[in-house]
Amino acid sequence: MKQFTLPIVGYIVFIVVIILFGVCTKLDSDSVPNVGEGVNGTAIRTPLRLSTSSMMGSYGMMMDATAMCVMGFGFLYAFCKKYTWAGITFNLFICGLCFLWCQVCTCIVGSIFEGEFVKAEINITAMIGADLVTAAVLITFGVLYGFTSPTQLIIICLIEPLAMKLNEHIVIHFLHTSDAGGSILTHAFGAFFGLGITLGLGTKAKNIPEENRKTTYTSDSFAMIGTIVLWMFWPSFNGALLFNDVTVQQRVVVNTYIAICASCVTGIITSALLHKGKFAMIEVQNATLAGGVSIGMSCSFNVAPWVPVLIGGLAGALSSVGYAKIAEMLEGVGVMDSAGATQLHGIPGVFGALAAAIVVVATPNSYNQYFSRDTMWTEGEGVSTGEQLGMILASIAVTLLISFVVGLLNGLLIRLPIFDTVHDTMLINEGPYFEEASEHQEEHNGKEYNALMDHTMA
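These remarks concern the structure in this document. Just so it is clear, the structure is predicted and the values come from calculations on it, not from any experiment.

## Let's talk about the overall build of the chain
Secondary structure summary: the chain contains 15 helices and four strands in total. Counting over 458 residues, the chain shows a buried share of 53%. Considering only residue pairs separated by 6 or more positions, the chain has 82% of its internal contacts joining residues 24 or more positions apart. Only carbon and sulfur atoms are counted for the fraction: they give 67% of the accessible area of the chain, which is about 19900 Å².

Here it is, written out as structure tokens:
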């Protein structure tokens, strides 16, 4: 019966998603034909012309952000030799489910705060928003890489987007904090949600077979493809939602480009510093991207170009130090993070928000809010820089609290045997999930894999 747990849970969830999708969503008004009456009573459809402010202008950026989720994270999670197929497959599965479920969550959270039922409109903006939410879940998957079964991942995909949309609403509409690239709303949230889950699951480093954590030349090369995809498209990820303000959108793209270039330099240099002149691939694959994470909150700010260079450069160095030193320390105190998402997304995300707070105080006119005009903050609109600083710090605290606590509760929930938990000997091992995995891994790793499978099934 155990082998049918995933199909049963999966189809039940999918049916529920279909029903709720029908109840909670509708097409954007611009997607519905505008039909008028012509000569002799004939129906005439009036086409909607593309303008410079049209959201369709961000279609290319939306697809870039989607490619980051599907291809970037997918290949990046191919780094473990015994979890290569699972990393790519589960990443794609999470994308498909979260892209849909996020629209339902938008309706639920919006209706709660509006006090009345409001359907979510499906358009390019909604699809970009789904990319941002899905990225957070994929970051969480990085923390849990190899620790959870597909059934457990389904439950995570249902809970985390709802919690993230709730936190997003609080940060944007109550704390009035701009986070265009999601330094805390996406990256830090996903990382600390994952840390909460690992604590709830009770996963211990000593229980993971050392062989399962190893990489190969091939698997690390696949992961570098993911790094390159993420690095290339990160400016689109940060700027896709700004289609209605080309000036700000260009500034976001430029600042992100500069910052991620800087982290590429410092991440690699710092790796060589920490390893006696040689590079560690995990740092090359990840720390080089830290600039895109750290500049997320301040990428829309009107600042001198050296500012994103400094922020990105510091983030790259900090991330490399995290992988080389901090990760081992965290494992020593029982904090598990399989793919090191804390070092790429969690720490640089919080660092980026703190850097944005400093920038706000140092340059009062730099703060630009893109979510809604009525929450734009400038010194001349009655909001002091001190208040702006306080709101950003409060947003960091609220985000970390909500993500970690809800993640912890989620971990305790999926720890129940009904959700098909992963045996300690099968942590970071795709064997139980793929028909061909036994032959594949035996070919590369010898007879030890079959012996491990026999021990697990006994």
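The discussion continues.
## Section: the environment of Thr66
With respect to the helices and strands, the residue Thr66 is situated in helix H2 (residues 59-76). Measuring from C-alpha to C-alpha, the distance between Thr66 and Phe233 comes to 9.5 Å, with 167 residues separating the pair along the chain. Beyond its immediate stretch of four places on either side in the chain, Thr66 contacts Phe99 and Asp131.

## Details of the packing of helix H3 (residues 84-114) against helix H4 (residues 124-143)
Contact geometry for H3 and H4: axes closest at 8 Å, N-to-C directions at 140°. Taken together, H3 and H4 sit at an angle that is classed as oblique. For the crossing formed where H3 meets H4, the hand is right-handed. Across from Ala86, Gly87, Phe90, Asn91, Ile94, Cys95, Cys98, Phe99, Cys102 and Gln103 in H3, the residues of H4 making contact are Ala126, Met127, Gly129, Ala130, Asp131, Val133, Thr134, Val137, Leu138 and Phe141. For the contact of H3 with H4, the residue count by class is 14 nonpolar, five polar and one charged.

## Examining the packing of aromatic side chains
Considering all chains together, one arrives at 13 aromatic pairs under this definition. A ring pair is formed by Phe73 and Tyr77, whose centres lie 6.0 Å apart and whose planes are at 45°; its orientation type is tilted. Since its relative accessible area comes to 4%, Tyr77 is described here as buried. Plain terms: the ring middles of Tyr83 and Phe90 are 6.1 Å apart, the flat faces sit at 70° to each other, and that makes the pair edge-to-face. With relative accessibility at 1%, the residue Tyr83 sits in the buried group.

## Some words on the side chain of Asp337
Along the chain, Asp337 falls in the loop between helix H11 (306-332) and helix H12 (341-362). The buried charged residue Asp337 lacks any salt bridge, with Arg213 as its nearest oppositely charged partner at 8.7 Å. Reaching out from Asp337, the side chain makes a polar contact with the backbone nitrogen of Ala341 at a distance of 3.0 Å.

## Quick word on the state of the cysteines
On inspection of all chains with the given rule, the structure shows zero disulfides. Cys24 forms no disulfide, and the closest cysteine sulfur to it belongs to Cys107, at a distance of 3.8 Å. For Cys24, a relative accessible area of 5% corresponds to the buried category. Looking at the unpaired Cys157, the closest cysteine sulfur is the one in Cys98, lying at 3.7 Å.

## Considering unusual backbone geometry
One non-glycine residue, His176, lies in positive phi territory at about 50°. Along the chain, His176 falls in the loop between helix H5 (150-174) and helix H6 (183-201). For Ile428, which is not a glycine, the phi torsion comes out positive at approximately 55°. Structurally, the position occupied by Ile428 is in the loop between helix H13 (385-414) and helix H14 (437-445).

## A closer look at helix H7 (residues 217-239)
With 23 residues, H7 ought to run about 33 Å at 1.5 Å a step, and its terminal C-alpha atoms sit 34 Å apart, in line with that. Along H7, the largest kink reaches about 50° and is centred on Phe233; proline Pro235 follows within four residues of it.

## Side note on H2
With 18 residues, H2 should reach 26 Å at 1.5 Å per residue; the first-to-last C-alpha distance of 24 Å fits that figure. Considering bend angle alone, the principal kink of H2 is centred on Met68 and spans about 35°. Of the residues making up H2, those classed as buried are Met61, Met62, Ala65, Thr66, Ala67, Met68, Cys69, Gly72, Phe73, Gly74 and Leu76. Contact partners of the buried residues in H2: H3, H4, H7, helix H8 (246-274), helix H9 (281-286) and H12.

The rules we used
- Residues numbered from 1 in each chain as written.
- Predicted model: local features only at pLDDT ≥ 70, side-chain atom pairs only at ≥ 80, totals over all residues.
- Heavy atoms only, no water.
- Helix = DSSP H or I, 4+ residues; strand = E, 2+ residues; numbered from the N terminus.
- Buried < 20%, exposed > 50% of the residue type's maximum accessible area, 1.4 Å probe, protein only.
- Contact = heavy atoms within 4.5 Å.
- Areas by Shrake-Rupley, 256 points an atom, 1.4 Å probe, with all protein chains shown as cover.
- Axes fitted to C-alpha atoms, helices over the stretch in contact; angles between N-to-C directions.
- Parallel < 35°, antiparallel > 145°, perpendicular 65-115°, else oblique.
- Left-handed = near helix turned anticlockwise from the far one by under 90°.
- Nonpolar A, V, L, I, M, F, W, Y, C, P; charged D, E, K, R; others polar.
- Phe/Tyr/Trp six-rings, centres within 6.5 Å; stacked < 30°, edge-to-face > 60°.
- Lys, Arg positive; Asp, Glu negative; His and termini not counted.
- Salt bridge = Lys/Arg side-chain N within 4 Å of Asp/Glu carboxyl O.
- Polar contact = N/O pair within 3.5 Å; in protein donor to acceptor, adjacent residues only side chain to side chain.
- Disulfide = S-S within 2.5 Å.
- Expected span 1.5 Å × (residues − 1).
- Bend = angle between axes of the 7 residues up to and from the residue.

Take it as geometry only, folks, not as evidence of what the structure does.
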